[in-house]
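Examination of the molecular architecture
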Amino acid sequence: MKKTTILIAIILLIGIKINAQELTCKDFKIGQFYIPTTEELKDFTIIKNDSIQNFEIQLDSTVTKTVIERKKNTQTEWINGIGNGQPAYEKIEWIDDCTYRLTYDESKMELDETEKWVNENNGIVVSKRKIEENCLFYTATMTSNNGEKFSQNGVICKK
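Structural notes, computed from the coordinates. Since the model is a prediction, treat every value here as computed from it, not as a measurement.

1. Things to note about the overall build of the chain
Within the chain one finds 2 helices and 10 strands. Listing every helix and strand of the chain by position from the N terminus yields α-β-β-β-β-β-β-β-α-β-β-β. Buried positions account for 33% of the 159 residues belonging to the chain. Taking all contacts inside the chain whose residues are at least 6 apart in sequence as the whole, residues at least 24 apart take part in 42%.

Right under this line is the structure:
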C-alpha cells in the first residue's frame, strides 16, 4: 500500500512537470502584465565617453506595481492598477520576439519634458535577460543623441 501511494505521487509529480509550460518571450507580447516595484528598479547606469556612473533614484513609495495592457504594437501603463489616474500610452516597435523599442504616443496623451526627450532620443530599447516562472527579467536601455547610454534592470510579470 505504501509503495502504491509513493508510486502514484511520483507519477503525479512527473505529470505535473511534463505539463508545466515554460514561458517564452512570445508570452509577453499581448495581454495584461504588471511591473512590481523592486529594489532593482532604483539602480541606473549611465555610460558616457567610456566612463560608467552608477546611481540610485528614489522610488515613489506609494507605487507598488504598474499594470500594463499590451496589444500588438501598443501598450498602456497604469500606476497601481487600471483606472488609477492618467495612463501612459506607448508605441511598441518589435525588433525581435525578445526585444522592442518603446516611445510615448503623443497622439493619445500630452507629453511632459521627459517623455518628449525619450522620444527625441529614439525611445527605450527593452531586451530580455531571463525568464523565471511567470516573469521576464529585462534591461531597458536608452542611447541619447549625444552618445550617453542609460540603462536599468527590471521585471515584467504575466498576470
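Text resumes after the structure shown.
2. Digging into the state of the cysteines
Here is the idea: a disulfide is a covalent bond, and it sits between the sulfur atoms of two cysteines. Overall, the coordinates contain 2 disulfides when judged by the stated rule. Put simply, cysteine 25 and cysteine 98 are joined by a disulfide, and their sulfur atoms are 2.0 Å apart. Residues cysteine 25 and cysteine 98 share a disulfide whose torsion about the S-S bond is about 100°; that sign makes it right-handed. Remark: cysteine 98 occurs in the loop between strand 6 (88-96) and strand 7 (99-104) and cysteine 25 occurs in the loop between helix 1 (2-19) and strand 1 (31-36); sequence separation between them is 73 residues.

3. Re the pairing of strand 10 (residues 149-158)
Across 2 bridges, strand 1 lies against strand 10 in antiparallel orientation. By the bridge assignment for strand 10, tyrosine 34 is matched with cysteine 157. Bridge count between strand 9 (residues 135-143) and strand 10: 9 bridges; the pairing is antiparallel. Within strand 10, the residue paired with tyrosine 138 across the bridge is glycine 154.

4. Quick notes on the nonpolar core
Of all hydrophobic cores here, the largest spans 14 residues; its most connected members are Phe28, Val126, Leu136, Tyr138 and Ile156. Of all the secondary structure elements, the ones that give two or more residues to this core are strand 1, strand 7 and strand 9. By residue number, the principal contributor to this core is strand 9, which donates 3 residues. Every residue in contact with isoleucine 156, bar those within four places of it in the chain, is listed here: Phe28, Phe33, Tyr34, Ile35, Ile68, Arg70, Asn134, Cys135, Leu136 and Tyr138. By size, the runner-up hydrophobic cluster in this structure holds 6 residues, among which are Tyr104, Leu111, Val118 and Met142.

5. Re the packing of aromatic side chains
Under the definition given, this model contains 3 aromatic pairs. A centroid spacing of 5.8 Å and a plane angle of 25° characterise the contact between phenylalanine 28 and phenylalanine 33, whose relative ring orientation is stacked. The exposure classification of phenylalanine 28 matches that of phenylalanine 33, with both residues buried. With a centroid separation of 5.6 Å and 85° between ring planes, the pair formed by tryptophan 117 and phenylalanine 150 is classed as edge-to-face. Placement of the pair is tryptophan 117 in helix 2 (residues 113-120) and phenylalanine 150 in strand 10, with a sequence separation of 33 residues.

What counts, and at which threshold
Counting of residues starts from 1 at the beginning of each chain's written sequence and follows it residue by residue. Per-residue local features are limited, in this predicted model, to residues with pLDDT of at least 70; the limit for side-chain atom pairs, both in listing and counting, is 80 or more; totals at the level of whole chains, interfaces and linings are taken over all residues. Neither water nor hydrogens contribute to the side-chain values; these are computed over all heavy atoms in the structure. Think of it this way: any DSSP run of H or I at least four residues long counts as a helix, any run of E at least two long counts as a strand, and we number them from the N terminus. Three labels apply to residues, based on accessible area from a 1.4 Å probe with only protein chains included: buried if under 20% of the type maximum, exposed if over 50%, partly exposed otherwise in between. Contacts are assigned to residue pairs with any non-hydrogen atoms lying within 4.5 Å of each other. When two cysteine sulfur atoms are found within 2.5 Å, that pair is recorded as a disulfide. In this analysis, strands are considered paired if DSSP registers two or more bridges between them. In this text, buried Ala, Val, Leu, Ile, Met, Phe, Trp, Tyr and Cys residues form a nonpolar core when linked through side-chain atoms within 4.5 Å. Stacked, tilted and edge-to-face are the three classes assigned to paired rings of Phe, Tyr and Trp, where Trp is represented by its six-membered ring and a pair needs centres within 6.5 Å; plane angles under 30 degrees give stacked, over 60 edge-to-face, the rest tilted.

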